[in-house]
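Working through the structure, step by step
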Amino acid sequence: MKVLLRGNEAMAEAAIRAGCRCYFCYPITPQGELVEYMARHLPRHGGVFLQAESEVAAINMVYGAAAAGVRTMTSSSSPGISLKMEGISYLAGARLPAVIVNVMRAGPGLGNIAPAQGDYFQATKGGGHGDYRLIVLAPSTVQEAAELVMLAFDLSDRYRVPAMILADGMLGQMMEPVELPEPIPPGRIPPKPWALTGAKDRAPNVVSSFDLDPYRFREILRALWAVYREIERNEVRWEEYATEDAELVLVAYGTMGRICRTVVRRARKEGLRVGLFRPISLWPFPYAPLRRLAERVPVLLTVELSAGQMWEDVRLAVEGRAKTPFYGELGGVVPTPEEILSEVKKHVRG
Amino acid sequence: MEIGVIFAGFGGQGILLAGKVLAQAAMERGFEVTWLPSYGPEMRGGTANCTVVIADEPVGSPIVDRPQILVAMNGPSLERFGPRVAPGGMIILNSSLVKEPSVQGNARLLPIPLNDIAQELGEVRAANMVALGAVVKVLGLFPLEAAAEALAKELGARGREKLLEVNRQALWRGFALA
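Quantities reported herein were computed from a predicted structural model and do not represent experimental measurements. (Residues numbered from 1 in each chain as written. Chains lettered and ligands numbered in written order. Predicted model: local features only at pLDDT ≥ 70, side-chain atom pairs only at ≥ 80, totals over all residues. Heavy atoms only, no water.)

With that out of the way, let us pick up the overall build of chain A. A tally of regular secondary structure across chain A gives 12 helices and 14 strands. For 350 residues, the compact-globule formula gives about 20 Å, and the C-alpha radius of gyration of chain A, at 20 Å, lands near that figure. Along the first, second and third principal axes, the C-alpha atoms of chain A reach 70 × 50 × 40 Å. Within chain A, the fraction of its 350 residues that count as buried is 59%. Expressed as a percentage of contacts within chain A between residues at least 6 apart in sequence, the contacts between residues at least 24 apart total 79%. Across chain A, the centroid of the 41 positively charged side chains sits 3 Å from that of the 39 negatively charged ones. (Helix = DSSP H or I, 4+ residues; strand = E, 2+ residues; numbered from the N terminus. Rg over C-alpha atoms; globule rule 2.2 N^0.38 Å. Buried < 20%, exposed > 50% of the residue type's maximum accessible area, 1.4 Å probe, protein only. Contact = heavy atoms within 4.5 Å. Lys, Arg positive; Asp, Glu negative; His and termini not counted. Charge placed at Lys NZ, Arg CZ, Asp CG, Glu CD.)

Pasting the structure below:
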């Protein structure tokens, strides 16, 4: 049965269905409905909802719950995510699974509350300190937001790597029909023998991101990067739309990805051979499929709600095989399909 | 088929609710749909608007550059969104508040005294449902009963069932006038 839900509500409900039982937050627009939904519903499922005194406190509560083996989540929007970055680096270093939702708004600084995609670098290239990666998934519909939250919990547990959902204010605020995924029964979540569950009748477990000996720490990080390489092999996700005969392919993710789908439909009506490549996993980024596309498509036009961040990964993937122009908007301004189509027409003829 | 509808007016005129009921009704009748609100400080006392897209395939852009239907509940909304209405599109105008509209482009204008009708029904806050009734008629995609059912569901969820009857009447009045 389909229900009409906001993106924020759908992500909250999906987290509960994924078995999230500890949610810690500090409120910020435009993800307030996620907080409200968790406050209303999580306690009824036997979970803990806690509004912390700050973002820093909330992410460290996530660290504690994750170390105890509980499926746990926090959510925020851009400036709040910046505050959580230290804790996220610690989660990555301690190999703790957790889900972090970023409903992006325009920055830098306090910026405003309009939708933007300026946190791509922060999400995919670090943001916190040290040599680490997050699994980063970017939904473009409310349905996909619910599904990717479920997936984020599974992947995070499987690899012991924190996962981030990179959404934006538009996806958080808008409503769409959703077919909610079935809840995972509590017994179906794989056990976590490494978790701190009380060392009765077993040797104590240690969860830490700390080792004073560089050679020992190097081995820990080599093992971590072996896991990252495994994720790069197994977990690349993307969608292609009307790319078979395309002379120009739009490369866009999240909200921009779906807006570009409308651009493709309009361009096709005018006889322009335009397609769409939509990365779903931003890390691991779909370098190889994009490179294959660049072998036969002369122009890959990246469109983002930023000054060009994913654009760098597109160019790394393409390595000069195709033209890689860029079109972006700043400050929370969302370009209309018409505006993008006129940009498309600068590069392709009917 | 992809139809964009913009509802716009003052905060407090039930703009977001009218859009949500339309989206809910369209969903129940098997259409793909998105509902996108304006959000943030502009909602408090200032202007409010929302965009509903109804389609027979998954909706791409939730923002609409050329709406087929505009509901302008006040003058500023007509000024802001009127020029964007698609050629041949329809502007449903609250003629209780906008007496002498400056008409725009190639859109057709349907003036309905939304506030006066709601007042006659004894509930001025039902003006949004008069407008929604007119929208459902202009759309011609599903019967008004679909909107009435969606409205009942929405009011039920808010514990406001006692407002259902007057709002149903408002829907019918708007439907009949369009």
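After that view of the structure, there is still more to cover.
Before going further, it helps to spend a moment on the overall build of chain B. The secondary structure content of chain B amounts to 6 helices and 6 strands. When its helices and strands are written in sequence order, chain B yields β-α-β-β-β-α-β-β-α-α-α-α. Overall, chain B is about 40 × 40 × 35 Å in size when its C-alpha atoms are taken along their principal axes. If you take every contact in chain B between residues at least 6 apart in sequence, the share linking residues at least 24 apart comes to 57%. Carbon and sulfur atoms form 52% of the exposed surface of chain B, whose accessible area is close to 7,200 Å². Distance between charge centres in chain B, computed from 16 positive and 17 negative side chains, equals 4 Å. (Areas by Shrake-Rupley, 256 points an atom, 1.4 Å probe, with all protein chains shown as cover.)

Moving on, we get to helix α6 (residues 164-177) of chain B. Residues and elements named next belong to chain B. For α6, spanning 14 residues, the distance from its first C-alpha to its last is 20 Å, which sits close to the expected 20 Å at 1.5 Å a residue. Listed in full, the buried residues belonging to α6 are Val166, Asn167, Ala170, Leu171 and Gly174. What you see down the axis of α6 is that its buried residues fit within an arc of 145°, all on one side. Against the buried residues of α6 lie α4 (127-139) and α5 (144-157). (Expected span 1.5 Å × (residues − 1). Arc of directions from axis to C-beta.)

Attention now goes to the side chain of Ser78(A). Here Ser78(A) shows up in helix α4 (residues 78-93). For Ser78(A), the contacting residues outside a window of four places in its chain are Asn102(A), Val103(A), Met104(A), Arg105(A) and Asp119(A).

Turning our eyes to something else, we now look at the confidence of the model for chain B. All names here are of chain B. Of all residues in chain B, 95% have pLDDT values of 70 or greater, and the mean over the chain is 93. Element-level mean pLDDT values for chain B span from 91 in helix α2 (residues 75-81) up to 98 in α4. With pTM at 0.96, the complex prediction returns an ipTM value of 0.94. (pLDDT = per-residue confidence, 0-100.)

A probe as big as a water molecule, rolled over the atoms, marks out the empty space that is left. As a volume, the second largest pocket reaches approximately 590 Å³. Considering the residues around the second largest pocket, the lining is formed by 23 residues, among which Met170(A), Leu36(B), Asn49(B), Ile63(B) and Arg80(B) are closest to the centre. Counting residues per element, the ones that place at least two in the lining of the second largest pocket are β2 (32-37), β3 (47-55) and α2 of chain B. The residue makeup of the lining of the second largest pocket, split by class, is 13 nonpolar, 6 polar and 4 charged. (1 Å grid on protein atoms, 1.4 Å probe; cavity = no way out; pocket = protein on both sides within 12 Å on 5 of 7 lines; lining within 4 Å. Points joined across faces, edges and corners; volume = space filled by probe spheres on them. Nonpolar A, V, L, I, M, F, W, Y, C, P; charged D, E, K, R; others polar.)

This part is about the sheet that holds strand β10 (residues 248-251) of chain A. Residue and element names in this part refer to chain A. With mixed pairing, the 5 strands of this open sheet are ordered in space as β9-β11-β10-β13-β14. Each of the sheet's edge strands pairs with one partner strand only, and the pair in question is β9 (238-241) and β14 (326-328). Along the sheet, successive strands turn relative to each other by an average axial angle of 20°, direction set aside. The pairing of β9 with strand β11 (residues 274-279) spans 4 bridges and is classified as antiparallel. Bridge pairing links Trp238 to Pro279 in β11. (Pairing = 2+ DSSP bridges. Axes fitted to C-alpha atoms, helices over the stretch in contact; angles between N-to-C directions.)

So, about empty space enclosed by the protein. Residue and element names in this part refer to chain A. One pass over the structure, following the stated rule, counts 1 cavity of 30 Å³ or more. Size it by volume and the largest cavity reaches roughly 40 Å³. With 3 residues, the single largest contributor to the lining of the largest cavity is helix α6 (residues 142-159). Within the lining of the largest cavity, the residues separate by chemical class into 5 nonpolar, 2 polar and 3 charged.

Facing the 26 residues of chain A at the interface are 23 residues of chain B. Scanning the region where chain A abuts chain B turns up 4 salt bridges. A salt bridge links Arg265(A) to Glu2(B), with the shortest nitrogen-to-oxygen separation between them at 3.5 Å. At the boundary of chain A with chain B, the tally comes to 7 residue pairs in polar contact (both at pLDDT 80 or more). (Salt bridge = Lys/Arg side-chain N within 4 Å of Asp/Glu carboxyl O. Polar contact = N/O pair within 3.5 Å; in protein donor to acceptor, adjacent residues only side chain to side chain.)

Another point: the domain arrangement of chain A. Residues and elements named next belong to chain A. According to the domain assignment, chain A contains domain 1 (2-188 + 212-234) and domain 2 (239-344). Between the C-alpha centres of domain 1 and domain 2 there is a distance of 26 Å. Listed per partner, the contact involves 33 residues of domain 1 and 25 residues of domain 2. In total, about 2,400 Å² of surface goes out of reach between domain 1 and domain 2, with carbon and sulfur atoms giving 55% of it. Between domain 1 and domain 2 we count 3 salt bridges in total. Salt-bridge contacts for Glu144 lead to Arg278; the nearest nitrogen and oxygen are separated by 2.9 Å. (Domains from an automatic or database assignment. Buried area = accessible area lost by both parts, 1.4 Å probe.)

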